[in-house]
Amino acid sequence: MIYFVVFLPMLSPEKSVEYRPQHLEYLAKLREEGKIFANGRFLDGAGGLVIYMAESFEQVQRFVEQDPYVIYKARGFEIHEWEIVLGDSNK
């Protein structure tokens, strides 16, 4: 399993408010399927972040492109493969 960080920068605050329920419902479905490690919004209004667990970049890109925030252009997106380090793993 590979971790991918997806930054969802704000494009339209109005559309983000409008499509937030559908976005959260979509993420809840993926979380139930075991495809999301974590997600949340930035409190400064810059957008949000989703950490996906997937087999490939292409799989994550399909997830992101089906997100209502992206479909309705409330948010942009950047996908980055992420090497996770937890706690004191560097010791």
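It should be emphasised that the depicted structure is a prediction, and the values quoted were computed from it without experimental measurement.

Basis of the calculations
Note on numbering: residues in each chain are counted from 1, in written sequence order. Per-residue local features are limited, in this predicted model, to residues with pLDDT of at least 70; the limit for side-chain atom pairs, both in listing and counting, is 80 or more; totals at the level of whole chains, interfaces and linings are taken over all residues. Each side-chain value is derived from all of the structure's non-hydrogen atoms; neither hydrogens nor water enter the calculation. Numbering of helices and strands runs from the N terminus, with a helix taken as a DSSP run of H or I at least four residues long and a strand as a DSSP run of E at least two residues long. Computation of the radius of gyration draws on C-alpha atoms, with the globule rule given as 2.2 Å multiplied by the number of residues to the power 0.38. Any two strands with at least two DSSP bridges between them are considered paired. Geometry is summarised by axes, namely lines fitted to C-alpha atoms with helices restricted to the contacting stretch, and by angles between N-to-C directions that run from 0 to 180 degrees. Burial here depends on accessible area, computed with a 1.4 Å probe over protein chains only, as a share of the maximum for the residue type. Under 20% is buried, over 50% is exposed, and the range in between is partly exposed. Here a residue-residue contact requires only that any non-hydrogen atoms of the pair lie within 4.5 Å.

Can you walk me through the overall build of the protein in this structure?
Assigned secondary structure in the protein consists of 3 helices and 4 strands. Reading the protein from its N terminus to its C terminus gives the helix and strand order β-α-β-β-α-α-β. Here the C-alpha atoms of the protein give a radius of gyration of 13 Å, agreeing with the 12 Å that 2.2 N^0.38 yields for 91 residues. Counting only C-alpha atoms and orienting by the principal axes, one finds that the protein spans roughly 45 × 25 × 20 Å.

So what exactly am I meant to see when it comes to the sheet that holds strand 3 (residues 47-54) here?
In sheet architecture, strand pairing relies on hydrogen bonds along the backbone and comes in two forms, parallel and antiparallel. One open sheet accounts for 4 strands, arranged 2-3-1-4; its pairing is antiparallel. Across the chains shown, the open sheet's two edge strands, defined by having one partner strand only, are strand 2 (36-41) and strand 4 (78-82). The average angle at which neighbouring strand axes cross in this sheet is 15°, direction not considered. Sheet topology places strand 1 (residues 2-9) next to strand 4; 5 bridges connect them, and they run antiparallel.

Would you mind going over the side chain of Ser16 with me for this structure?
Assignment of secondary structure puts Ser16 in helix 1 (residues 13-32). A relative accessible area of 4% means that Ser16 is categorised as buried. Ignoring anything within four residues of it in the chain, the contact list for Ser16 reads Met10, Tyr69, Ala74 and Arg75.

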